[in-house]
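Chain by chain, the residues run as shown.
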Amino acid sequence: MKGIVFNILEQMVIEKAGLAAWDQLLQDVQPASQGIYTAGGNYPDEEVVQLASRASEMLDIPLNTLVTAFGSYLFSNLVKKHPVFVEQQPDFFSFLKSVHDVIHVEVRKLYEEPSLPHFRYTQLNTQQLRLEYRSPRKLCMLAEGLIAGAAEYYAVRYQLEHPVCMHKGADHCEFLITLEP
Ligand code: HEM
């Protein structure tokens with residue numbers, strides 16, 4: 001996992017719970033990196049999972065809720081850093097369809113050896129998009145949060161169903177996104 005993800009997690013914990021909470025988190029988890037993350041560096045995936053799990057206990061927020069909230073926060077911070085990706089896409093669905101073939105392709109040029117998921121899209125009709133997510137990291141709740149962040153950016157309301165999930169034994173996750181009028 002890239003250091004930038006840890007940097008944004010640190011920023012969110014400090015913003016929502018204060019610097020003491022982040023220090024406590026590092027004390028409890030004792031990450032090998034000692035909590036010093038360079039944006040372009042690569043750090044073990046388990047470290048972000050351990051930090052998020054401990055933060056969920058400390059703040060008494062269910063882990064899935066915390067990871068999804070982080071996804072949304074991550075989205076707005078990634079977009080602040082790389083505004084071109086939203087500027088290029090006029091609407092929510094065209095943006096989502098650009099994540100795999102445009103955004104994450106550019107991310108491979110911008111960051112050294114990023115660990116990225118695989119997405120496949122099927123536009124079922126003007127209101128519905130089916131998205132298949134595949135990743136050995138099984139971060140589907142993070143993907144849900146990133147999607148929520150994108151919906152907020154494009155000011156759309158939507159319903160998300162997650163009928164197939166890697167955490168329930170499937171080999172991939174499926175999201176069905178339906179726009180609300
Ligand atoms: C709704 C939009 C997006 C979705 C659903 C999405 C999905 C994801 C997911 C789920 C991951 C975690 C890795 C994994 O699951 O294997 C990830 C990683 C990442 N994404 Fe995206 N992404 C989105 C938009 C963006 C944007 C706008 C950027 C801007 C640069 C971006 C840059 C990255 C980076 C830097 C990583 C970290 C790679 C690593 O840690 O090695 N993503 N993305």
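Thresholds applied
- Residues numbered from 1 in each chain as written.
- Predicted model: local features only at pLDDT ≥ 70, side-chain atom pairs only at ≥ 80, totals over all residues.
- Helix = DSSP H or I, 4+ residues; strand = E, 2+ residues; numbered from the N terminus.
- Rg over C-alpha atoms; globule rule 2.2 N^0.38 Å.
- Buried ≥ 20, exposed ≤ 12 C-beta atoms within 10 Å, placed from the backbone.
- Domains from an automatic or database assignment.
- Axes fitted to C-alpha atoms, helices over the stretch in contact; angles between N-to-C directions.
- Parallel < 35°, antiparallel > 145°, perpendicular 65-115°, else oblique.
- Left-handed = near helix turned anticlockwise from the far one by under 90°.
- Contact = placed C-beta atoms within 7 Å.
- Nonpolar A, V, L, I, M, F, W, Y, C, P; charged D, E, K, R; others polar.
- Near = placed C-beta within 6 Å.

1. Overview of the overall build of the protein
Turning to step 1, where the next piece is worked out: If you tally the helices and strands in the protein, you get seven helices and four strands.
Turning to step 2, where the next piece is worked out: Counting from the amino terminus, the protein carries its helices and strands in the arrangement α-α-α-α-α-α-β-β-α-β-β.
Turning to step 3, where the next piece is worked out: Taking 181 residues into account, the globule formula puts the C-alpha radius of gyration at 16 Å, and the protein, at 16 Å, falls close to it.
Turning to step 4, where the next piece is worked out: For the C-alpha atoms alone, the extent of the protein along its principal axes is close to 50 × 35 × 30 Å.
Turning to step 5, where the next piece is worked out: Taken over 181 residues, the protein has a buried fraction of 26%.

2. Examining the domain arrangement of the protein
Turning to step 1, where the next piece is worked out: Taken domain by domain, the protein consists of domain 1 (3-61) and domain 2 (91-179).
Turning to step 2, where the next piece is worked out: Relative to domain 2, the C-alpha centre of domain 1 lies at a distance of 24 Å.

3. Section: the packing of helix H2 (residues 19-29) against helix H3 (residues 45-59)
Turning to step 1, where the next piece is worked out: Relative orientation of the contacting elements H2 and H3 amounts to 120°, with a least axis distance of 10 Å. Classified by the angle their axes make, H2 and H3 are oblique. Crossing handedness for the pair H2 and H3: right-handed. Residues Ala21, Gln24, Leu25, Asp28 and Val29 of H2 lie in contact with H3, whose contacting residues are Gln50, Leu51, Arg54, Ala55 and Met58.
Turning to step 2, where the next piece is worked out: Counted by class, the contact of H2 with H3 contains six nonpolar, two polar and two charged residues.

4. Some thoughts on the site of the ligand
Turning to step 1, where the next piece is worked out: Surrounding the ligand, one finds 26 residues, the nearest of these being Lys2, Pro114, Pro117, Ser135 and Leu146.
Turning to step 2, where the next piece is worked out: Looking at the shell around the ligand, the elements with two or more residues in it are helix H1 (3-17), helix H4 (63-81), helix H6 (92-110) and helix H7 (140-153).
Turning to step 3, where the next piece is worked out: Partitioning the shell around the ligand into residue classes produces 20 nonpolar, four polar and two charged.

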